[in-house]
Amino acid sequence: MRHLLRAAFLIALAMALFEPVWSRSSDRLQVVFALDVSSSVGAESLAGGLDWLAEAANRRDADVSFLAFAGSAQTLGRIDDLRHLKVTDGGRGAAPGTIDRSATDLESALRLARSAFDPGVVKRLVLLSDGLATSGDPRAALGGLIADRVRLDTVPLATAVGRPVVARVTLVSPPRARSPAPLEVEVLSGVATTSRLVLTVDGQELTATELEVAPGSQLVRLDPRYPEPGEVELLVELDGSVQWRQPILIGPRPGALVVAQAGRGKALADLLGAQGWRVTVVEPSAVGTRSGKLAEWDAVVLSNVAAKALGEPSLEALRDYTLGGGGLLFAGGDATFGEEGYSESAIEPVLPLRFNVEEERTDVALMVALDKSYSMKGAKIELAKEATKAALGELEDRHRFGVVAFDWEPYDVVPLQLANNRQQMLDAISRIEASAQTNFYPALESCLRQLSEVEAEVKHVILLSDGKTYPDDYEKLIARMRAAEITVSTVGVGSEADRELLADIARWGDGQTYFVEDAKRVQRILLDEARGKLEETLVEEPVRAVVAQPNRALRGIVVSAAPALLGHLNLEPRDESEIVLETDTGKPLLARRNVGLGRTWIFTSDLEGRWSAPWFRWSGFGPLLSQVLHDAAGRKEEPGLDFRIRRDQQRLVATLRALDDGGRHRNGLEPKLRVSAGSRNTETPMRQTGPGFYAADLELAPSADHPYVAELWLDGRRQGLGSVYYPESDDLRPGLPDHALLRQLAAASGGHFQPSLDQVFERSGEHATRRVELWPALVALALALFVVEVLLRRTGRLSPRPEPVVVRPATVTATVTGAVTGRVAEPS
């Protein structure tokens, strides 16, 4: 018995160490309904949701429970608990267990709902909400729900109808005296109505406008002109109610120096003057050679000025002015290219675009080496032939063109010749048919031979193939072509193209390489290659502007409404430049670049009316130029301390980036953030979060009477100012349901958006697996066996183990028939 108990104890203990698990399958369904009772949910929609839940509570084919949430959440067992829920609309002194309806925390509600499920059941969570959260991120709770195999269905509730309110005011550019500085006002509304929006500064009305407000959110752009410089309070009123308060600093009236040829620049000065700029027009000879003299101006405009007219000393002064923090706008024109151009001048390195282009190229020889191997058969060869024809169409009769088709060997389909016999060339290209294997080398040799026999300013080959070629010394061949001033670009079509070799050939040949999966793109590439070899510095043909990249200088500007420009310069962008507008032919039109402490812009059309005359009649041209100059000057205004504040739900977040004059990070500073709202004042240190970066944040409460004014204090001085206005809880503001979020949440978990009750309770053959860990029971069993053994031993119920017999040395007396015969020692 004793041996059996001990063996059972050891077996139970050993099995526990393996942590065994017992699994069983179950189709039991549990459904948790989470109802949003926050103030943003409309009363009628909430009542309808309760009726729908009452119907769900009567279902007997699942375990049903409820959860109510807003700023906090509670789990409830019965539908009646929902109907008698204790709620408050914010404020202090609420009873314990009361839900605050003035906020919505969807993330916390989903996390609490996850914990409400029993293990080993099929789990359904149904969220009834408008999707508008004032804190937390519901997406952050999705991972846990998915890990627990909880299917989330979402039912959208309508929001409460609300009158229009101002949600946000953004200053597009720093306010300057007597100058329009656009700002954007975000208006939220739950109804369609007409409202009156008024901006005032220290009691002086700046602008007023009538708005046709639609349900939801909309941005309203205003262009007020501000009064004299100083610190003032900006008020935004909507329908007679103050909706926004913000202290702002109005800077001095901006000044621009326009440099133009004698007798030019008046139209530009009038255009900028109408935008509030103080403009002085000077001739190139008056620019001077001291950057300090230029520093008196917020921005300098060079309007179609020849580099020779300025002279190298003045160009150097303009360069130094820009590097030191000045703003420069360079505008093109016919005087800015050719022998008097800016290529390799002192100012070119600080401009966003390069001038390393030439005047019209009259001598161009272009050849296409076209793969006609069997792998090109079908759509590929037909599209390639059409692309080759399109490239020919870009050439003029004075240019030369040739086509070498190749498979295993080359075929001079169109021997290199003047492009004046077009129909014969087109017919020859059309007759190309696919066959045999691929071999680049002989085709490139043919191009080298033909191009070496002609004199041309540009000699270029485009090699097009979809396969791999036979090995050969291509690097040496391309070196011979470069020695003959021939450039080579390559186009690889499809996944079987010899990408490595084609890229090497283009690199050795000082050309471009392209790889496309869709042969339809080949025509665009060949067109661009042909046009690239024909480009002229000065392009005098109508072009339209297209937004290439959003920029604050374009805010409020409807670029698509701009008429066509009549010409522009064809310049090359730098890697570090930002192309803001481009022509509809894909060439840079308006670009900017940060350089040193300053910022430069370039407009490749002119500002004199030769090319830009239609734009001078366009209402958006003046605001566009003004915002470009404000942006250029803003680089100078941006201090080494970049202080910003924003509101993130119920918190004010302040950030600071600190740089010295050389652009290096300033570490180890001790900035302080002072925040005031009326008589309430708070001061907190800003902690360093990275090289030159500092941050601080604090909790906010709604304050209808005063904005939160945030000041940056450093070295005993105020060095930054900003404000946020938080008049009431976000949940009390009108808005539209966030259906996109609700759809996203449902889709991520495999659930339904706006399901019926039958869809909620459907089983679809689902089963849950309940895992029961057995090691605790095994450990308990082992302990029990050990205790039983000890008790039985102490009560004597277990027989003791026999003691071994030990024989010790002794003296034995032997008696024979009653007589003592002697002493005998016991054997050892």
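Higher on the page you've got the structure.
Quantities reported herein were computed from a predicted structural model and do not represent experimental measurements. (Residues numbered from 1 in each chain as written. Predicted model: local features only at pLDDT ≥ 70, side-chain atom pairs only at ≥ 80, totals over all residues. Heavy atoms only, no water.)

### Thoughts on the overall build of the protein chain
Counting its secondary structure elements, the protein chain contains 20 helices and 44 strands. Within the protein chain, buried positions represent 49% of all 828 residues. (Helix = DSSP H or I, 4+ residues; strand = E, 2+ residues; numbered from the N terminus. Buried < 20%, exposed > 50% of the residue type's maximum accessible area, 1.4 Å probe, protein only.)

### What to know about the packing of aromatic side chains
With the rule as written, the count across this model stands at 14 aromatic pairs. Residues F33 and F761 carry aromatic rings whose centres are separated by 6.3 Å and whose planes lie at 45 degrees to one another, so their mutual orientation is tilted. Separated by 728 residues along the polypeptide, F33 in strand β2 (residues 29-36) and F761 in helix α19 (residues 757-761) bring together distant segments of the chain. Just as F33 is buried, F761 falls in that class too. (Phe/Tyr/Trp six-rings, centres within 6.5 Å; stacked < 30°, edge-to-face > 60°.)

### Details of a nonpolar patch on the surface
Together, F786, V787, V790 and L791 make up an exposed nonpolar region whose accessible area comes to about 330 Å². With respect to the helices and strands, V787 occurs in helix α20 (residues 775-794). Given a relative accessible area of 43%, V787 falls into the partly exposed group. (Patch = residues over 30% accessible without salt bridge, like charges linked within 9 Å, V, L, I, M, F, W, Y side chains within 5 Å. Areas by Shrake-Rupley, 256 points an atom, 1.4 Å probe, with all protein chains shown as cover. Salt bridge = Lys/Arg side-chain N within 4 Å of Asp/Glu carboxyl O.)

### Describing the sheet that holds strand β23 (residues 410-418)
Sheet architecture is open: 6 strands sit in the order β23-β22-β21-β24-β25-β26, paired in mixed fashion. Two strands lie at the open edges of the sheet, namely β23 and β26 (513-516), each paired on one side alone. Within this sheet the neighbouring strands show an average axis-to-axis angle of 10 degrees, counted without direction. Taken together, the 7 bridges between strand β24 (residues 458-465) and strand β25 (residues 486-493) define a ladder with parallel strand orientation. Counted as the bridge partner of H460 is T487 from β25. Packing against the sheet, helix α14 (residues 499-508) makes contact with β24, β25 and β26, and its axis sits at approximately 160 degrees to β25. (Pairing = 2+ DSSP bridges. Axes fitted to C-alpha atoms, helices over the stretch in contact; angles between N-to-C directions. Contact = heavy atoms within 4.5 Å.)

### Quick notes on the pairing of strand β22 (residues 400-406)
Of all 7 residues in β22, 6 are buried; the element is thus mostly enclosed. Note: strand β21 (residues 364-371) against β22, 7 bridges, orientation parallel. Looking at the pairing, V368 lines up with V403 of β22. In terms of handedness, the path from β21 via helix α10 (residues 379-393) over to β22 forms a crossover that is right-handed. Of the pairings in the sheet, the one linking β22 to β23 comprises 6 bridges and is antiparallel in character. In the strand pairing of β23, V403 is matched with V414. (Right-handed = clockwise from strand over helix to strand, strands pointing away.)

### Thoughts on the packing of α10 against helix α11 (residues 422-430)
It is at 9 Å that the axes of α10 and α11 come closest, and there the two elements cross at 165 degrees. As far as their axial angle goes, α11 and α10 are roughly antiparallel. Considering only the axes of α10 and α11, their crossing is right-handed. In this structure, α10 contributes K385, T388, K389, L392 and G393 to the contact, and α11 contributes R422, M425, L426, I429 and S430. Looking at the contact of α10 with α11 residue by residue, the classes come out as 4 nonpolar, 3 polar and 3 charged. (Parallel < 35°, antiparallel > 145°, perpendicular 65-115°, else oblique. Left-handed = near helix turned anticlockwise from the far one by under 90°. Nonpolar A, V, L, I, M, F, W, Y, C, P; charged D, E, K, R; others polar.)

### Observations regarding a negative patch on the surface
Judged by side-chain charge, E445, D472, D473 and E475 come together as a negatively charged surface patch. If you trace the backbone, E475 turns up in helix α13 (residues 474-483). A residue is classified by how much of its surface remains accessible, and E475, at 45% relative accessible area, is partly exposed. (Lys, Arg positive; Asp, Glu negative; His and termini not counted. Charge placed at Lys NZ, Arg CZ, Asp CG, Glu CD.)

### What to know about the side chain of D498
Along the polypeptide, D498 turns up in the loop between β25 and α14. Within the buried set, D498 has no salt-bridge partner at all; the shortest N-O distance to an opposite charge, 5.5 Å, is to K468. For D498, the residues in contact, after removing those within four places along its chain, are G467, K468 and T469.

### So, the pairing of strand β34 (residues 641-648)
Bridging between β34 and strand β35 (residues 651-658) involves 8 bridges; their strand directions are antiparallel. The partner of R646 across the bridge, within β35, is V653. Adjacent in sequence and paired antiparallel, β34 and β35 are bridged by 2 residues, among which Q649 carries a positive phi angle near 55 degrees.

### Quick word on helix α12 (residues 440-452)
A rise of 1.5 Å per residue sets the reference length of α12, with its 13 residues, at 18 Å; its end C-alpha atoms lie 18 Å apart and thus fit the reference within 8%. Of all the 13 residues making up α12, 10 are buried; the element is thus mostly covered by neighbouring parts of the structure. Among all positions in α12, only F440, Y441, P442, A443, L444, S446, C447, L448, Q450 and L451 are buried. Sitting at the head of α12, N439 places a side-chain oxygen 3.5 Å from the backbone nitrogen of Y441. (Expected span 1.5 Å × (residues − 1). Polar contact = N/O pair within 3.5 Å; in protein donor to acceptor, adjacent residues only side chain to side chain.)

### Considering the sheet that holds strand β41 (residues 717-724)
Pairing is antiparallel in the open sheet, where 4 strands are placed in the order β37-β36-β40-β41. Since the sheet does not close on itself, it has two edges, and those belong to β37 (680-685) and β41, each with one partner. Along the sheet, successive strands turn relative to each other by an average axial angle of 20 degrees, direction set aside. Bridge analysis of strand β36 (residues 672-677) against β37 gives 6 bridges, and the strand direction is antiparallel. Among the inter-strand pairings, R674 is bridged to a residue of β37, identified as E683.

### Considerations on the nonpolar core
Grouped burial of nonpolar side chains is what soluble globular proteins tend to show. If you look at the biggest cluster of nonpolar residues, it comprises 33 residues, and the most contacted ones within it are L329, L581, F603, L607 and W615. Contributions of two or more residues to this core are made by β16 (255-260), α6 (266-273), β18 (299-303), β19 (327-331), β31 (578-583), β32 (588-595), β33 (598-603) and α17 (621-637). Here this core gets 6 residues from one element, more than from any other, and that element is α17. In this structure, F603 is in contact with L329, F330, A331, G332, L565, L589, L590, W615 and F621, ignoring residues within four places of it in sequence. (Core = buried A, V, L, I, M, F, W, Y, C linked by side-chain atoms within 4.5 Å.)

### Looking at the packing of α13 against α14
Two quantities define a packed helix pair, namely the angle between the axes and the distance from one axis to the other. At a minimum axis distance of 9 Å, the contact between α13 and α14 shows a crossing angle of 30 degrees. In terms of orientation, α13 lies roughly parallel with respect to α14. Relative to α14, the crossing made by α13 is right-handed. In this structure, α13 contributes Y474, E475, I478 and R482 to the contact, and α14 contributes L501, I505 and W508.

### A word on the environment of L329
Mapping L329 onto the fold places it in strand β19. When the C-alpha positions of L329 and A591 are compared, they lie 9.8 Å apart, and in sequence the two are 262 residues distant. Discounting chain neighbours no more than four positions away, the residues touching L329 are V300, V301, L302, W601, I602, F603, L607, L625, V628 and L629.

### Some remarks on the side chain of R592
Within the fold, R592 resides in strand β32. A distance of 2.9 Å separates polar atoms of two side chains, one belonging to R592 and the other to E578. Polar contacts involving the side chain of R592 include one to the side chain of D631, which spans 2.7 Å.

### Comments concerning the pattern of salt bridges
As enumerated under the stated definition, the model contains 42 salt bridges in all. Close ionic contact of D407 with K372 constitutes a salt bridge, the shortest N to O distance being 2.9 Å. A residue pair is termed long-range when its members are at least 10 positions apart, and D407 in the loop between β22 and β23 and K372 in the loop between β21 and α10 qualify at 35 residues. Each member of the pair, D407 together with K372, is buried. Here the residues in one salt-bridge network are R552, E578, R592, R599 and D631, joined through shared partners.

### Brief notes about unusual backbone geometry
Trans is the prevailing form of peptide bonds, just as negative phi is the prevailing case for residues other than glycine. One non-glycine residue with positive phi stands out, namely Q649, at about 55 degrees. Residue position: Q649 is located in the loop between β34 and β35.

### Topic: the environment of W297
Position of W297 relative to the elements: it lies in the loop between α7 (291-294) and β18. Separated by 30 residues in the primary sequence, W297 and G327 have C-alpha atoms spaced 8.7 Å apart.

### Here's the deal with the environment of Q424
Mapped onto the elements of the fold, Q424 is located in helix α11. Along the sequence, Q424 and V414 sit 10 residues apart, while their C-alpha atoms lie 8.9 Å from each other.

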